[in-house]
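Listed below are the residues making up each chain.
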Amino acid sequence: MQNIIGVDLGGTNIEAGLITSKGKIIKKYETKTEAKKGAKTVINNIISAIKHVQQGKISGIGIGSPGPLNYKTGTITNPVNLPFKNTPLRKIIQNKFKTNTFLDNDANCFALAEAVFGQGKKYENVIGITLGTGLGGGIVINKKIYHGRNNAAELGHITIKYDGPKSRCKNNGCIETHVAARGITRIYDKKSNPYSIQRLAFKGNKKAIETYNKMGYYLGIGLTNTVYALDPDIIVIGGKISNSWKFFSKTMNKTVKQRYFSKPPKIVKSNLKEAGILGAAALVLEDK
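Residues numbered from 1 in each chain as written. Predicted model: local features only at pLDDT ≥ 70, side-chain atom pairs only at ≥ 80, totals over all residues. Heavy atoms only, no water.

Student: Quick question: what am I supposed to make of the overall build of the protein here?
Tutor: A tally of helices and strands in the protein yields nine helices and twelve strands. Counting all 288 residues of the protein, 52% fall into the buried class. Pairs at least 24 apart in sequence give 62% of the contacts found in the protein among residues at least 6 apart. For the protein, the accessible area works out to roughly 14000 Å², and carbon and sulfur atoms hold 48% of it. Side chains of the protein carry 45 positive and 18 negative charges; the gap between the two charge centres is 4 Å. (Helix = DSSP H or I, 4+ residues; strand = E, 2+ residues; numbered from the N terminus. Buried < 20%, exposed > 50% of the residue type's maximum accessible area, 1.4 Å probe, protein only. Contact = heavy atoms within 4.5 Å. Areas by Shrake-Rupley, 256 points an atom, 1.4 Å probe, with all protein chains shown as cover. Lys, Arg positive; Asp, Glu negative; His and termini not counted. Charge placed at Lys NZ, Arg CZ, Asp CG, Glu CD.)

Student: Where do I start with the side chain of Glu15 in this structure?
Tutor: You can see Glu15 is positioned in strand S2 (residues 13–19). If we ignore the near neighbours within four places in the chain, the residues touching Glu15 are Gly6, Val7, Asp8, Lys28, Tyr29, Glu30, Glu274 and Ile277.

Student: Which parts of the structure should I look at to understand the packing of aromatic side chains?
Tutor: Geometry of an aromatic ring pair is reported as the spacing of the ring centres plus the angle between the planes. If you walk through the whole model with that rule in mind, you get seven aromatic pairs. When the centroid spacing of 4.8 Å and the interplanar angle of 75° are considered together, the rings of Phe202 and Phe247 count as edge-to-face. One end of the pair, Phe202, is in helix H6 (residues 194–202); the other, Phe247, is in helix H8 (residues 245–259), and 45 residues separate them in sequence. Under the relative-accessibility criterion, Phe202 is labelled partly exposed at 46%. Among the aromatic residues, ring-to-ring pairing joins Phe202, Tyr212 and Phe247 into one connected group. The ring of Tyr188 carries Lys207 above its face, with NZ or CZ at 4.5 Å from the centroid. (Phe/Tyr/Trp six-rings, centres within 6.5 Å; stacked < 30°, edge-to-face > 60°. Lys NZ or Arg CZ within 6 Å of the ring centre and 35° of its normal.)

Student: I tried to follow the packing of H6 against helix H7 (residues 206–230) on my own but got confused; where do I start?
Tutor: When two helices pack together, their arrangement is given by the angle between the helix axes and by the axis-to-axis distance. H7 packs onto H6 with a crossing angle of 115° between their chain directions and a minimal axis gap of 7 Å. Here H6 and H7 pass one another in a crossing that is left-handed. Each of Pro194, Ile197, Gln198, Leu200 and Ala201 in H6 lies in contact with H7, whose residues at this interface are Ala208, Ile209, Thr211 and Tyr212. In terms of residue class, the contact of H6 with H7 is built from seven nonpolar, two polar and no charged. (Axes fitted to C-alpha atoms, helices over the stretch in contact; angles between N-to-C directions. Left-handed = near helix turned anticlockwise from the far one by under 90°. Nonpolar A, V, L, I, M, F, W, Y, C, P; charged D, E, K, R; others polar.)

Student: For this particular structure, what's the right way to read the packing of H7 against H8?
Tutor: Between H7 and H8, whose axes approach to 7 Å, the crossing angle comes to 40°. Read as a crossing pair, H7 and H8 show a hand that is right-handed. Contacts from Ile209, Tyr212, Asn213, Met215, Gly216, Tyr217, Leu219, Gly220, Ile221, Leu223, Thr224 and Tyr228 in H7 reach Phe247, Phe248, Thr251, Met252, Thr255, Val256 and Arg259 in H8. Taken together, the residues of the contact of H7 with H8 sort by class into twelve nonpolar, six polar and one charged.

Student: Help me understand the environment of Ile19, please; the structure alone is not making it clear to me.
Tutor: Note that Ile19 resides in strand S2. Taking the C-alpha atoms as reference points, Ile19 and Gln2, 17 residues apart in sequence, are found 9.2 Å from one another. Contacts of Ile19, omitting those with residues within four sequence positions, involve Asn3, Ile4, Gly6, Lys24, Ile25, Ile277, Leu278 and Ala281.

Limitation: the analysis is restricted to geometry and does not speak to function.
Rendered as structure tokens:
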């Protein structure tokens, strides 16, 4: 099979890679997104990144992007950190490179990367969770992303405390307000940020360690809800906050075991270094 190009589109950086069907990255390129310069600049930067890794014939291009987006039409609707509004990005890239192009939510791409190349490759039903500014989720069944009508796996917006903290999604008390960046800083000190708290935890700071213990408890509740609904074979957790795994995973696992009525699935940390690029590329494989 011919090689594939995967593009991980972020608000700050764009990463592109030339990848084999087995998940080996042959060539990689990274550039600034330059979102403040407008949609045209960002699109040109995506095209430039693809050209930097393009080599020989390719079987397709996959793009992972922050949502909201419509994967069916390949349109990015109105993301927070990108200057797009109903932008038909898939069509633009497909017309430029004359090859099959696919677009999906970056959290879905993470889950697909884990299902095809990572911790979930031996399993049929895989859930991927990304912990960062927010909590992203993806559901993969038999190596295919489950989309529902369009927005399945928005797991960060599951309510775990109906009268809990206010959330930007208006679903107050959602899991994102307890375990993502804002949740961690809310537990510790609103003046801090989760990465400074993370550094303190690694230095042995008791308050920082207890913060991640509490975060693990809340995450365990959210994951238990997800397991009750979907009963996956494995849950894989990634994102920058997953680097604090040693501080929250014990409480997380304990909570899931206490709250789930049967044996829970494996819950593991991602070990993929380029999950964004690999997941985007896997969109092309998913279509085969």
